[in-house]
Amino acid sequence: MFALVAVVLAACTNTPPPPVVSSPVAETSTPEAETPSQIVVSLDEIGGGYNPHNLADLSPVTSALAQMLLPSVFRPADDGTLELDENLMVSAEVTSEDPFTVSYEIRPEASWSDGAPIAVEDFAYLADAMKNQPGVADAAGYRLITGIQPGAGGKSLDVTFAEHYPGWQTLFDNLMPSHLLKDAPGGWQGALLDSFPAYGGPFSIKTLDKERGEIILERNERYWEKPAAVDRIVLRSSDQAGMVAALRSGNDQLSLATTDATGLELFHGLGEDVQLQTVARPYLATTLLRPVGALADDQVRAGVAALIDRDKLIAEGTRGGPSEDLRAGAHVRPPSSDDYRPTIPGSGSPRKPSPNKAERLLGAAGFTREAGTWAREGTPLSLVIASPGQQEPYASIAQELSRQLTAAGIEVTTVNPPARELFNSALPTPVDSATAPEDTEEPQPGAEDGAEGTDGTETPQPPESSETTTTPAPPPTSGNVAVDIAVVPQPVSSDPASTLASNYGCPPGWDDEPEADQPPEAAVTTAAFCDTVLQPTIDAALTGAEPLRDSLATVEPALWQSNVAIPLFQLADTIAIGSTVSGVTPGAPMAGPFSNAVDWIRAPR
């Protein structure tokens, strides 16, 4: 009763009640959500497109995504030999020689991330595109395919070929989901332009943000084989200084960079905690003097080639980076190949500029130097040099080439059309007849310095010229501008015979009589080159009718003499591997480091 009265009295006064003292509440800890194990990789850029079969899309990020997201029948082993990918295939073998037939059996459980099976339709879709679409890379083997017969509910197929094809194991890599792409807007040209609609590898894309420069890949939960060791791989774009800073701080575990001399110095400053190696890309930076327009005249083309300082082009393109050690002295085999042997002539052009030779050749073609400019009948010699957009190193090389030719008295216009426009419409050229090099009285490759080149290798002599005539092809256009010279990547594959035929062979049906109302065939090569004398030798190399060594002994000197292509160097990147990641290697030749990304492991810091 007393307690109750005390409370009432307290309530009627102005004195505040004493503060309430509460007992502390026991804290309960909520465990944080487990952070996914992830590996962050910095690249020069992550912008698309991402179609690994398009010349326009060739880049480290395209190669990386293809390796992690797309299935392939064969993959290169550490020594470069091709091995059946048993994650996808049960078998793939030659089952007939007449006609040459390869039989494939796909694993029953192999499927795309949307549940659709990986099946014969995907093989047929890729083969059809490689045979018929412009701007594709390494297509020669696919053009030999005459039929694809399905079986076993679409999980087996027999592929027949027009000829014996020793390089058949290089086909059907990076298959794409035909059920989502064949009827998609834009067709093949729009395939993988911005992203991937489905995946058939150990990873899938969670986000792709070009504006932020970031692609996040996660373990593909629908992958039927060995799961990826890490939950997530993040690809981020950065410059060389940013990559080095992120590796030093531990924010990035790995980088793959197109380094110059300054970048190499920065990376070497990271010390022993970061392992540095060179990764060669499967393509060469090449200058194409296309035999169209003014350059269809062999003497004009040879004269222009004699004005080019190849060393300066290489220096501009490599800038002291790892590509400087991969100078390309041959058209077919890349410098990184164990079988590489330089075939470039021992002296004179294209090894070194030859102004006197250029003056003689241009004069013989009817040009004279008027007020410092080469002209014929009052019309200046005017050429257009193109590179794919602002892609490097091609844009810088094109600018340096423009400076050289302008200084030599040639009017030059430099254009940078978007890569897909350049390769898909500007460079494919209607060919009315073969654009074979005519006979000239110029010395054969190596003749100015004997047959022995300065690389210490014997320079084979080209075959005697035939009486084949040349009809110039109409010049290609980029917008309203014709393209005479292109500075572009030229792919080199694990099948050198396919590289030769794809880059320098004649289009299918080149020797057929054209039908009256049919337009001319589209040129298959970006070089717009078709030599009817060399083509049987190129065909013999592709089908194995002649040893590749013998074919190259004939073709390589003839390509140098034609002045259609001046290989510069093989592109290469620097891979920097931090100490907190394991399982990363430079990868197999022509494949790169992402070919074994499924085995990468993030180590604790």
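Note that this is a predicted model, so its numbers are computed, not measured.

A. Quick peek at the pattern of salt bridges. Taken as a whole, this structure holds 19 salt bridges when the rule is applied. Arg107 serves as the salt-bridge partner of Glu109, at 2.5 Å between the closest nitrogen and oxygen. By relative accessible area, Arg107 is classed as buried at 13%. Where Lys206 meets Glu218, a salt bridge forms, and the shortest distance between an N and an O atom there is 3.8 Å. Of this pair, Lys206 sits in strand β8 (residues 203-209) while Glu218 sits in strand β9 (residues 214-219), and the two are twelve residues apart along the sequence.

B. Local environment of the pairing of strand β1 (residues 38-43). Within β1, five of the six residues are buried, which leaves it mostly tucked inside the rest of the structure. Of the pairings in the sheet, the one linking β1 to strand β10 (residues 232-237) comprises six bridges and is parallel in character. Paired with Gln38 across the bridge in β10 is Arg232. When β1 meets strand β11 (residues 254-257), the two strands line up parallel, connected through three bridges. Of the residues in β11, the one forming a bridge with Leu43 is Leu256.

C. Structural view of the packing of aromatic side chains. The final tally for this structure, using the stated rule, is twelve aromatic pairs. Considering the side-chain rings of Phe74 and Trp168, the 5.6 Å spacing of their centres and the 85° angle between planes classify their relative orientation as edge-to-face. With Phe74 in strand β2 (residues 74-76) and Trp168 in the loop between β7 (156-161) and α4 (178-181), this residue pair connects regions lying 94 residues apart in the sequence. Its relative accessible area of 9% is what places Phe74 among the buried residues. Accessibility expressed as a relative area gives 10% for Trp168, which makes it buried. Relative to Trp224, the ring of Tyr223 lies with its centre 4.7 Å away and its plane at 50°, an arrangement referred to as tilted. Summarising the burial analysis for this pair, Tyr223 and Trp224 share the class buried. Through a chain of ring-to-ring contacts, the aromatic side chains of Phe74, Tyr104, Phe123, Tyr142, Trp168 and Phe172 assemble into a single cluster.

D. Layout of the nonpolar core. By size, the foremost hydrophobic cluster in this structure holds 143 residues, and its most contacted members are Tyr104, Phe161, Phe172, Leu235, Val304 and Leu405. Excluding anything up to four places from it in sequence, Leu405 contacts Val304, Leu307, Ile308, Leu383, Ile385, Ile410, Val412 and Ile485. By size, the runner-up hydrophobic cluster in this structure holds eight residues, among which are Met243, Ala257, Val274 and Ala576.

E. Up close: the sheet that holds strand β14 (residues 373-376). Reading across the sheet, the three strands line up as β13-β14-β15 and stay open at both edges, with antiparallel pairing between neighbours. In the strand order of this sheet, the two ends are held by β13 (368-370) and β15 (379-380), each with one partner. Both β13 and β14 contribute to a ladder of three bridges, which runs antiparallel. Paired with Arg369 across the bridge in β14 is Trp374.

F. Representation of the sheet that holds strand β5 (residues 100-106) within the structure. Here four strands make up an open sheet; going across it, the order is β4-β5-β7-β6 and the pairing antiparallel. Two strands bound the open sheet, and with one partner strand each, they are β4 (89-97) and β6 (145-151). Sheet twist, expressed as the average angle between the axes of neighbouring strands with direction ignored, equals 15°. By the bridge criterion, seven bridges tie β4 to β5 in an arrangement that is antiparallel.

G. Structural context of the confidence of the model for the chain. Predicted confidence across the chain gives a mean pLDDT of 86, with 83% of residues reaching 70 or more. Segment residues 1-34 is flagged for pLDDT under 50; beyond a separation of four residues in sequence, or across chains, it makes one contact in the model.

Procedures and definitions
- Residues numbered from 1 in each chain as written.
- Predicted model: local features only at pLDDT ≥ 70, side-chain atom pairs only at ≥ 80, totals over all residues.
- Heavy atoms only, no water.
- Salt bridge = Lys/Arg side-chain N within 4 Å of Asp/Glu carboxyl O.
- Buried < 20%, exposed > 50% of the residue type's maximum accessible area, 1.4 Å probe, protein only.
- Helix = DSSP H or I, 4+ residues; strand = E, 2+ residues; numbered from the N terminus.
- Pairing = 2+ DSSP bridges.
- Phe/Tyr/Trp six-rings, centres within 6.5 Å; stacked < 30°, edge-to-face > 60°.
- Core = buried A, V, L, I, M, F, W, Y, C linked by side-chain atoms within 4.5 Å.
- Contact = heavy atoms within 4.5 Å.
- Axes fitted to C-alpha atoms, helices over the stretch in contact; angles between N-to-C directions.
- pLDDT = per-residue confidence, 0-100.

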